[in-house]
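Structural description and commentary
Each chain, letter by letter, is given below.
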Protein chains: 2
Amino acid sequence: MTGQRGDDPIKPKVGLSGRKIIYDEDGKPCRSCNSLLDFQLATGKISMPSPGKPPAVKVAAPAKQNTPVGYPKVDPPDVEELGRSSWTLLHSIAAKYPQKPNDTQKGEMKQFMTIFSHVYPCWWCAKDFEKFIRENSPKVDSREELGKWMCEAHNSVNKKLGKKAFDCNLWEKRWRDGWD
Amino acid sequence: MTGQRGDDPIKPKVGLSGRKIIYDEDGKPCRSCNSLLDFQLATGKISMPSPGKPPAVKVAAPAKQNTPVGYPKVDPPDVEELGRSSWTLLHSIAAKYPQKPNDTQKGEMKQFMTIFSHVYPCWWCAKDFEKFIRENSPKVDSREELGKWMCEAHNSVNKKLGKKAFDCNLWEKRWRDGWD
């Protein structure tokens, strides 16, 4: 034992990143809690390199930003980067919402979406979203409902931007389960 | 006039993307409401290509995703993509927060951050963030306060991940004004 794996050989404790691998309460590796490589290691898609051999997969890991002096001068996001980031967060929130939420969780989710529509940095997007919420109250009775509602909200924006609509029957593949 | 510019030559109405250019209430181009190229056009960083000439800058625009059949099978985000996306949203929210918020806006911002710490999809990140909020109540009395508070929250995560801290005196350059 190297300390890199737990007692259960299918459940490594430490990933290729050197960080602890995080599991969900149901014992499954948590996709949104780990780096992709660590998640792949925990699900058995890739294996830990043999002792003495260089970890071949490590080359696929993103390069560490290393700026000894000053900061890389990254500018604030434009509307597209902000949109992509926000949908990434919102769909992921829906994907982890309880299947049977309690009243507090339902109330908080409604409030979150409402406040989101007030504070979203692109004000015209925010107004559109506020209107959508007024006409289509967030469905918060289950994960399935919320995930589809979010997908429909996103499609209403896609439509306005002339983008292709996403098939909302596939939302869990895109935002929860993956495609394999 | 081609209909691509408004009466004010410094304020074009339509961008290189073909979409309307959005201005803030103070008349300045809205960075987070427009694509980067449209924002650059509106701020005079680049100019509209001459009629008859191919729009040379268009090559810099992101390629349109064009999948005639099916969807590109993009997997759900891992913890790093989710983190990047979420910080992008949160810092941008702080950057557009009023300089003198009213009581409703202050209350909503506190609520938003609290609910965020309950629904964030990576549960261990969420618990850490909830603890941070319990020990460092969100400062919502002005944009300046909120922006610095958010920067300190981000730095507390950077520290845990062994990443370099960001100088919070520079937060407006990174998330509001840009570096030029």
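Under an unreviewed UniProt entry, the name given to chain A is Sulfhydryl oxidase, and the organism recorded is Lachancea quebecensis. The annotation that UniProt attaches to chain A under Catalytic activity (unreviewed entry) is "2 R'C(R)SH + O2 = R'C(R)S-S(R)CR' + H2O2". Per its UniProt entry, chain A bears the Cofactor (unreviewed entry) comment "FAD".

On to the side chain of B:Glu108. For B:Glu108, the position within the fold is in helix H3 (residues 103-119). It is A:Arg134 that comes nearest to the buried, bridge-free B:Glu108 among opposite-charge side chains, at 12 Å. Within the structure, the side chain of B:Glu108 is placed 2.9 Å from the side chain of A:His118, a separation counted as a polar contact. Ignoring anything within four residues of it in the chain, the contact list for B:Glu108 reads A:Ile115 and A:His118.

Our next topic: the relation of the copies chain A and chain B. Overlaying chain A on chain B yields an RMSD of 0.1 Å, the required transformation being a rotation through 180° with an accompanying axial translation of 0.0 Å. The symmetry that links the two subunits is that of a two-fold axis. Taking the C-alpha atom as reference, chain A places A:Ser85 closest to the rotation axis, 2.1 Å from it.

Moving on to the environment of B:Met48. All names here are of chain B. Tracing the backbone shows Met48 in the loop between helix H1 (36-42) and helix H2 (79-96). Residue classification places Met48 among the buried positions, given a relative accessible area of 16%. As a C-alpha pair, Met48 and Pro12 span 36 residues in sequence and 9.1 Å in three-dimensional space.

Every contact between the two is made by 58 residues of chain A and, on the other side, 58 residues of chain B. Interface area for chain A against chain B, summed over the two sides, is near 5,300 Å², with a carbon-plus-sulfur share of 62%. Contact with chain B buries area across many residues of chain A, yet A:Tyr71, A:Pro76 and A:Trp179 alone supply 13% of it, more than any other trio. Counting across the interface, chain A meets chain B through zero salt bridges. Along the contact surface separating chain A from chain B lie 11 residue pairs in polar contact (both at pLDDT 80 or more). Contributions of two or more residues to the side of chain A that touches chain B are made by helix H2 (79-96), helix H3 (103-119), helix H4 (123-135) and helix H6 (171-177) of chain A. Sorting elements by how many residues they give to the side of chain A that touches chain B places H2(A) first, with 11 residues. Residues that form the side of chain A that touches chain B fall into these classes: 30 nonpolar, 12 polar and 16 charged.

What counts, and where the lines are drawn
Residues numbered from 1 in each chain as written. Chains lettered and ligands numbered in written order. Predicted model: local features only at pLDDT ≥ 70, side-chain atom pairs only at ≥ 80, totals over all residues. Heavy atoms only, no water. UniProt positions renumbered as here; feature names shortened; annotations may be inferred. Helix = DSSP H or I, 4+ residues; strand = E, 2+ residues; numbered from the N terminus. Buried < 20%, exposed > 50% of the residue type's maximum accessible area, 1.4 Å probe, protein only. Lys, Arg positive; Asp, Glu negative; His and termini not counted. Salt bridge = Lys/Arg side-chain N within 4 Å of Asp/Glu carboxyl O. Polar contact = N/O pair within 3.5 Å; in protein donor to acceptor, adjacent residues only side chain to side chain. Contact = heavy atoms within 4.5 Å. Least-squares fit on C-alpha atoms with pLDDT ≥ 70 in both. Buried area = accessible area lost by both parts, 1.4 Å probe. Nonpolar A, V, L, I, M, F, W, Y, C, P; charged D, E, K, R; others polar.

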